Amino acid sequence: MPARWQPHPCPPQLSVDQTSAEQPPNPKEQEWAGPEALCPGWLEDEAPDGEVAEDSGDPDCATHAYELLQSALRQEGLPHTLDRSAEPRTGFGPLDMTVCILGSPTAFLPVLLEGGTRCPGAMVLCLSPAWASRVPSETSPGAWSLLLSRGISFEAGGHSTLETFAPPRRANYVTGTFTAGGPEGGWVGELARDLDCPTGGSVPLARRLEDPLVTRWVLAAHAGLPVPPTLAFVLGPGGDLPAEPVAPGVRVVRLEDPQGQENLVQEEVGAFLGGTAMEPYSQVAVRPAGWRWRGTGARSTHGKEEGAAVVQAVGARLRGLREEDSVLLEALVPTARLPAPPPTPAPRLPVALRICTLVCRSWGDRPHLCQVACAVGRAEAPVRHGAALPQGLDSSLQQWGVVAPSQRQALATRLRGAAEAAMAALLATEAELSPQQRGGARAHTDLLGVDFLLACVDDALELVALSTNSQRCLETCLLLEAMGCAVGEPAGDLPRLLAEALLHRAQCHLVEGKDILLIGAGGVSKSFVWEAARDYGLRIHLVESDPEHFAAGLVQTFLPYDSREHRRDEEHAERVTELVRSRGLRPHACLSYWDDCVVLAALVCQRLGLRGSSPAAVRVAKQKSRTHQHLQRCRRGRPPPATFAVPCRRLQSHGDVERAAGAVPFPAVAKLEFGAGGVGVRLVESTGQCHAHAARLWRDLRDDADHPGIGLGWGNAMLLMEYVPGTEHDVDLVVFEGRLLGAWVSDNGPTRLPAFLETAACLPSCLPADRQAQLVRAALQCCLACGLRDGVFNVELKLAPSGPRLLEINPRMGGFYLRDWIREVYGPDILLAAVLVALGLPPVLPARPVARGHLAGVMCLGSEHGSALEGGGGLAALRGLQNRGLVRLNRLFEETAGAGEYEEPCLSVACAGATRAEACLRLLGLCQALGIDSPRYPVEHFLSHFK
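The sections below set out a description of the structure shown in this document. (Residues numbered from 1 in each chain as written. Predicted model: local features only at pLDDT ≥ 70, side-chain atom pairs only at ≥ 80, totals over all residues. Heavy atoms only, no water.)

This part is about the overall build of the protein chain. For the protein chain, the count of helices and strands is 27 helices and 34 strands. Taken over the C-alpha trace, the protein chain has a radius of gyration of 32 Å; the compact-globule value for 947 residues is 30 Å, and the two agree within 12%. With the principal axes as the frame, the protein chain shows a C-alpha extent of 105 × 70 × 55 Å. Residue burial in the protein chain is summarised as follows: out of 947 residues, 57% are buried. If you take every contact in the protein chain between residues at least 6 apart in sequence, the share linking residues at least 24 apart comes to 69%. Surface summary for the protein chain: the accessible area is close to 38,500 Å², and the carbon and sulfur share equals 52%. Positive and negative side-chain charges in the protein chain, numbering 88 and 107 respectively, have mean positions lying 6 Å apart. (Helix = DSSP H or I, 4+ residues; strand = E, 2+ residues; numbered from the N terminus. Rg over C-alpha atoms; globule rule 2.2 N^0.38 Å. Buried < 20%, exposed > 50% of the residue type's maximum accessible area, 1.4 Å probe, protein only. Contact = heavy atoms within 4.5 Å. Areas by Shrake-Rupley, 256 points an atom, 1.4 Å probe, with all protein chains shown as cover. Lys, Arg positive; Asp, Glu negative; His and termini not counted. Charge placed at Lys NZ, Arg CZ, Asp CG, Glu CD.)

Right, dumping it as structure tokens:
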């Protein structure tokens, strides 16, 4: 074991926290205790209990860690780890997921247990460097792959197993107990360095997080958060700081050599103590800073008026300064004191409140606040991680005198915004670092602790950001949740949120480099597919009818083949299969996002032996009359799928119209049998109106050349369907082996009768949870009854007074704006989910999805809005607003599609808001300003259902 790093001697009056001072041990105590006197075991910065020594590969360390794991499992009432290491486990392939946790057996235990429940066997704990090896990466030159020959895997029910893997198991995601103070050769940091898979942290990143000067500069300059007024002295370039760091409340002074610069130091200290930033504060602290000083508690406190003593303390610190370190002079920010709530008890002692937040890098790389824990202590004593039992934010604020629930909620909202802004800023600055500075090209901070003080600034409560850390907030927040379970509180969300984030990153790595055969490119509305494929590292082999399609240059392989006559899909499937094999392609999956090509994709999957719904099931879903007629025969279940079917009849001639009129009551809906996008759908109130509409449609829309992309490759047969009153909704489902993994409900606004072209939409749904649940269950039952057991499906329903009724099933991912909106509001990507299902992997999705906001959008038509958007500069204005993040645009067509009653929307314009009312109000104001709203196109009416 290498010798401990020895801190430099420091002046008297040591303090251990921003909020208070503590007397140092006397000289005899220091002599007896050694350097540990500055870092006693109860301080927050001590290594977590059970952490494996970072500098040793001694098998005894693994034995000790294994015993700690068994103790922790016993405390949770879980069975001990089963030892099956004598029977090597085999059979791991390129699609098997492995999330590897290196180091401490206890720090991540709740996450390991939750991950074992969500994805049994995917979470593996590595307790020793002897259990893993690094080999040169086959896919990323200069990087390494981490192979596990032994590990402890976790299963459902809290079961764990010690296993050996032969051949070794490849990690898809790695994180662990990266210790900022550990030596460079620490085994956790060494194993995780420069890996070819996503890595949640590294020793260099942990050191960066533990440096208060660097993080304060980031939080103040990039997140706009208040920090304690700070004057910092650094040597030379100053490590991770920019050449000219500028941040509110933080001043950095660079010294070439501390010796001989006493006058500069005295001037800077005097200006700082007498500056306006220090006016609200009476005390300051002087301390060395940098990752080396974590846990030393070495600081001195002084009154603001003691200028000479402050200069002397700074000078003393500068004499031992290293380039990686700094000396900080900072204001001691006291916790806000509020009037005690009545009845007022005996006079209260001054106390301090520290707010600990834990943020993870969640879906779409967006920061997500997972948990908040608070610690309370006396103002003159330290308030630190591990020094006091944590408590919840709401009860802490009540104790503090914030009585009104609305005020507490407002503070909680501000805290969420501040914590997530802190992580966003740190991730942004982290992205500018070189791979070497990050500890690898794939290393990122996925878990961040941010500590705040609740201070009073200008008679208003203010959240002041103190510091960041890589693990201490995790331990504090997990302790808070464990304490709650002991008194009957429901299990918290923290382990689930973290496990989902880690498993999701592992799945993203699994799809990298996979060969995907995509049938049909679609139009401009599917442009996001090519961007997503690049971002996920997919190798797309595209089969497309248009040999000049713009996507030809955006894919790995372009296979032009004319399949527009879909009544010959069996023949097309044979030829596409031959084409794929002749090119030597061996796709891992085959699917289609384009409505016209879903049956062809199912047939090709069948011939290539790839996973997907059966062609028979996709045919039933694709043909609308067959869907309803099939469901009407499905009479098992409570209620049976037949409950959701709507009476309808197929129309291929005017004689069919007469016969259908006797079976389907009017008013009714007449539409194309294989149609898409709402084109040609019309409300008819009599047999005569139905005859007239059918005659026009059969005359105008005969084949795909008349209107591409709306199903005319299947013919122009129609159906007459009973009109269902009620509100219209989309339900997007992710189904794997018949099991529902994810569902999202969106609402559609009223249409411009007698047409049914979509006008407006909102997400999340306005409906109560029980009515949304009805829609989801109806959609799932209809899909399963049709045989759709694997895939991402879009189901359109009406919610009538008597319950859900099916309109149609789209056996592919939802179109228009839906993928974009679901990502924005909820996080998951249904495009990625479709790829994972096609690969045979159940996508990891939020078990309890929570909307992060509201979106309301309106469709634009070329006939109604062309002049306002193009001629009036509206489109340019919208693009400018989109670049500023104020609107969301989804371009559906480059130009007006169709004409007259066959026109399709060309653009979706949406606004976000913290509430649905706010989103709708913003959207309405925007539409009125740009001329989208008009008496002929009343946007306010279209939004009227969203209440």
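So much for the structure itself; the text now carries on.
Turning to the pattern of salt bridges, a few remarks are in order. Counted under the stated rule, the structure contains 47 salt bridges. A salt bridge links Asp790 to Arg611; its shortest N-O distance comes to 3.3 Å. Here the residue Asp790 occupies a position in the loop between α21 (769–786) and β30 (791–800), and Arg611 occupies one in the loop between α16 (598–608) and α17 (615–622), the gap between them amounting to 179 residues. Arg650 is the salt-bridge partner of Glu673, the closest N and O atoms lying 2.7 Å from each other. With Glu673 in the loop between β24 (668–672) and β25 (682–684) and Arg650 in strand β23 (residues 648–651), the pair connects residues that are 23 residues apart, well separated along the chain. Given the relative accessible area of 30%, Arg650 is considered partly exposed. A network of salt bridges, in which partner residues are shared, links Arg118, Asp493, Arg496, Glu500 and Arg848. (Salt bridge = Lys/Arg side-chain N within 4 Å of Asp/Glu carboxyl O.)

Orientation of helix α12 (residues 472–486) relative to helix α13 (residues 494–511), taken along the N-to-C sense of each, is 135°, at an axis distance of 10 Å. The orientation of α12 relative to α13 falls into the category oblique. Residues Leu474, Cys477, Leu478 and Glu481 of α12 lie in contact with α13, whose contacting residues are Leu494, Pro495 and Leu498. Tallied by class, residues from the contact of α12 with α13 come to six nonpolar, no polar and one charged. (Axes fitted to C-alpha atoms, helices over the stretch in contact; angles between N-to-C directions. Parallel < 35°, antiparallel > 145°, perpendicular 65-115°, else oblique. Nonpolar A, V, L, I, M, F, W, Y, C, P; charged D, E, K, R; others polar.)

Quick look at the environment of His385 now. Tracing the sequence through the fold places His385 in the loop between β15 (367–378) and α9 (393–400). Taking the C-alpha atoms as reference, His385 lies 22 Å from Leu426; in sequence the two are 41 residues apart.

Our next topic: the sheet that holds strand β19 (residues 515–519). The sheet built from four strands is open, its strands ordered β21-β20-β19-β22 with parallel pairing. Whereas interior strands pair on both sides, the edge strands pair on one side only; in this sheet they are β21 (557–560) and β22 (589–591). Averaged over all pairs of adjacent strands, the angle between strand axes in this sheet comes to 20°, irrespective of strand direction. Alignment of β19 against β22, held across three bridges, turns out to be parallel. Looking across to β22, one finds that Ile516 is bridged to Ala589. Lying over the sheet, helix α23 (residues 830–839) contacts β19 and β22, oriented at roughly 130° with respect to β22. (Pairing = 2+ DSSP bridges.)

Pairing is antiparallel in the open sheet, where four strands are placed in the order β15-β14-β17-β18. Two strands close off the open sheet at either side, each with one partner strand: β15 and β18 (460–469). Ignoring strand direction, the axes of neighbouring strands in this sheet form an average angle of 30°. Alignment of strand β17 (residues 447–457) against β18, held across nine bridges, turns out to be antiparallel. Note on β18: the bridge partner recorded for Val457 is Ala460.

Between its terminal C-alpha atoms helix α15 (residues 569–582) stretches 19 Å, which fits the 20 Å expected from 14 residues at 1.5 Å a residue. Those residues of α15 not exposed but buried are Asp569, His572, Ala573, Val576, Thr577 and Val580. Buried residues of α15, viewed axially, fall in a sector of 135°; they line one side. Summarising the geometry of α15, the exposed residues directed more than 90 degrees from the buried face are Glu578, Arg581 and Ser582. Contacts made by the buried residues of α15 are with β19, β20 (539–544), β21 and α16. One or two positions beyond α15, positive phi appears at Gly584, with a value near 75°. (Expected span 1.5 Å × (residues − 1). Arc of directions from axis to C-beta.)

Among the nine residues that make up helix α22 (residues 818–826), seven are buried, leaving the element largely enclosed by the rest of the structure. Of all the residues in α22, the buried ones are Leu818, Arg819, Asp820, Trp821, Ile822, Val825 and Tyr826. Looking one or two residues beyond α22, the residue adopting positive phi is Gly827, at roughly 110°.

Next up on the list: the pairing of strand β2 (residues 99–102). Here β2 shows no split at all, with Val99 and Ile101 on one side and Cys100 and Leu102 on the other all buried. One ladder, built from four bridges, connects β2 with strand β3 (residues 123–126); its direction is parallel. Residue pairing in the sheet places Cys100 in a bridge with Val124 of β3. Once the chain exits β2 it traverses helix α3 (residues 109–118) before rejoining the sheet at β3, and the crossover so formed is right-handed. (Right-handed = clockwise from strand over helix to strand, strands pointing away.)

Among the five residues of β24, five are classified as buried, and the element is accordingly described as predominantly covered. Two strands pair when backbone bridges link them, and β24 and strand β26 (residues 718–722) are joined in this way by five bridges, in the antiparallel orientation. Residue pairing across strands places Ala668 opposite Glu722, the latter belonging to β26.

Let us look at empty space enclosed by the protein. Tallied over the entire structure, the rule returns ten cavities of 30 Å³ or more. In this structure, the second largest cavity occupies an estimated 300 Å³ of space. Around the second largest cavity sit 22 residues that line it, and Leu591, Ser592, Asp790, Gly791 and Pro811 are the ones nearest its centre. Elements supplying a minimum of two residues to the lining of the second largest cavity: β22, α16, β30 and α23. When residues of the lining of the second largest cavity are assigned to their parent elements, the largest contribution, four residues, is made by α16. (1 Å grid on protein atoms, 1.4 Å probe; cavity = no way out; pocket = protein on both sides within 12 Å on 5 of 7 lines; lining within 4 Å. Points joined across faces, edges and corners; volume = space filled by probe spheres on them.)

This part is about unusual backbone geometry. In this model, Ala166 is joined to Pro167 through a cis peptide bond whose omega is 0°. Residue placement: Pro167 occurs in strand β6 (residues 160–170). Look at the link from Phe666 to Pro667: it is a cis peptide, with omega at 0°. Residue placement: Pro667 occurs in the loop between α19 (654–661) and β24. Positive phi outside glycine occurs at Asp194, with the angle close to 55°.

Take the packing of α19 against helix α20 (residues 687–700) next. Close contact between α19 and α20 brings their axes to 10 Å; oriented N to C, the two are set at 150°. Classified by the interaxial angle, the pair formed by α19 and α20 is roughly antiparallel. Remark: the crossing between α19 and α20 carries right-handed chirality. Counted together, His654, Val657, Glu658 and Ala661 of α19 and Thr687, Cys690, His691, Ala695 and Trp698 of α20 form the full contact between these two elements. Grouping the constituent residues of the contact of α19 with α20 by class yields five nonpolar, three polar and one charged. (Left-handed = near helix turned anticlockwise from the far one by under 90°.)

Once that is clear, we can look at the packing of aromatic side chains. According to the stated counting rule, one finds six aromatic pairs in the structure shown. Three or more aromatic residues joined by ring pairs make a cluster, and in this case those are Phe816, Tyr817 and Trp821. (Phe/Tyr/Trp six-rings, centres within 6.5 Å; stacked < 30°, edge-to-face > 60°.)

According to the stated counting rule, one finds zero disulfides in the structure shown. Unpaired in terms of disulfides, Cys197 finds its nearest cysteine sulfur in Cys100, a separation of 8.4 Å. In this model Cys690 remains outside any disulfide bridge; the closest cysteine sulfur is found in Cys648, 13 Å from its own. (Disulfide = S-S within 2.5 Å.)

Our next topic: the environment of Trp363. Assignment of secondary structure puts Trp363 in the loop between β14 (351–361) and β15. According to the relative accessible area criterion, Trp363 is buried, its value standing at 10%. With 52 residues separating them along the chain, Trp363 and Val311 place their C-alpha atoms 48 Å apart. In contact with Trp363, not counting residues within four places along its chain, are Glu500, His504, Tyr826, Gly827, Pro828, Val844, Leu845 and Pro846.

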